[in-house]
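Structural overview
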Amino acid sequence: MQPPLWIGAIGTLIFLAFLLNGLRLVRGTAGHAANAGALHIGMASIALPVMWVVILVAALG
């Protein structure tokens, strides 16, 4: 496999972990931790499509 494909796959797993952690923090706590969870969700929702584009470009190119 090409390195960009691995980077995209591992990045996707990392950002999914960020997304799940953010959901956990938003649901379970209040205050600073909930705000941090919301930031995790926002960051993951922006970065996940980028990782998928990297995977597509590596697979097709």
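A count of helical and extended segments in the protein gives two helices and zero strands. Over its C-alpha atoms the protein spans a radius of gyration of 14 Å, topping by over 25% the 10 Å that the globule rule assigns to 61 residues. Taken along its principal axes, the extent of the C-alpha atoms in the protein is 45 × 15 × 10 Å. Residues counted as buried form 23% of the 61 residues belonging to the protein. By sequence separation, contacts in the protein at least 24 residues apart represent 66% of the contacts at least 6 residues apart. Taken as a whole, the protein presents about 4200 Å² of accessible surface, with 79% of it coming from carbon and sulfur.

With 29 residues, helix α2 (residues 32-60) extends 42 Å from end C-alpha to end C-alpha; this agrees with the ideal 42 Å at 1.5 Å per step. Turning to α2, its buried residues are Ala-34, Gly-37, Ala-44, Ala-47, Leu-48, Met-51 and Ala-58. Tucked inside the fold, the buried residues of α2 contact α1 (3-28).

This part takes up a nonpolar patch on the surface. Taken together, Trp-6, Ile-10, Ile-14, Phe-18 and Met-43 make up a surface patch of nonpolar side chains, about 460 Å² in accessible area. Here Ile-14 shows up in helix α1.

It is worth spelling out the packing of α1 against α2 at this point. Direction vectors running N to C along α1 and α2 enclose 160°, while the axes themselves pass 7 Å from each other. One element, α1, and the other, α2, form an angle in the roughly antiparallel class. Seen along the crossing, α1 lies across α2 with a hand that is left-handed. Residues of the contact of α1 with α2, tallied by class, amount to 25 nonpolar, seven polar and no charged.

This brings us to α1. With 26 residues, α1 should cover 38 Å at 1.5 Å per step; its first-to-last C-alpha distance of 37 Å lies within 8% of that length. Within α1, burial applies to Leu-5, Gly-8, Gly-11, Thr-12, Phe-15, Gly-22 and Leu-25. Against α2 lie the buried residues of α1.

Cut-off values and rules
Residues numbered from 1 in each chain as written. Predicted model: local features only at pLDDT ≥ 70, side-chain atom pairs only at ≥ 80, totals over all residues. Heavy atoms only, no water. Helix = DSSP H or I, 4+ residues; strand = E, 2+ residues; numbered from the N terminus. Rg over C-alpha atoms; globule rule 2.2 N^0.38 Å. Buried < 20%, exposed > 50% of the residue type's maximum accessible area, 1.4 Å probe, protein only. Contact = heavy atoms within 4.5 Å. Areas by Shrake-Rupley, 256 points an atom, 1.4 Å probe, with all protein chains shown as cover. Expected span 1.5 Å × (residues − 1). Patch = residues over 30% accessible without salt bridge, like charges linked within 9 Å, V, L, I, M, F, W, Y side chains within 5 Å. Salt bridge = Lys/Arg side-chain N within 4 Å of Asp/Glu carboxyl O. Axes fitted to C-alpha atoms, helices over the stretch in contact; angles between N-to-C directions. Parallel < 35°, antiparallel > 145°, perpendicular 65-115°, else oblique. Left-handed = near helix turned anticlockwise from the far one by under 90°. Nonpolar A, V, L, I, M, F, W, Y, C, P; charged D, E, K, R; others polar.

These results come straight from atomic positions and should not be treated as a statement about function.
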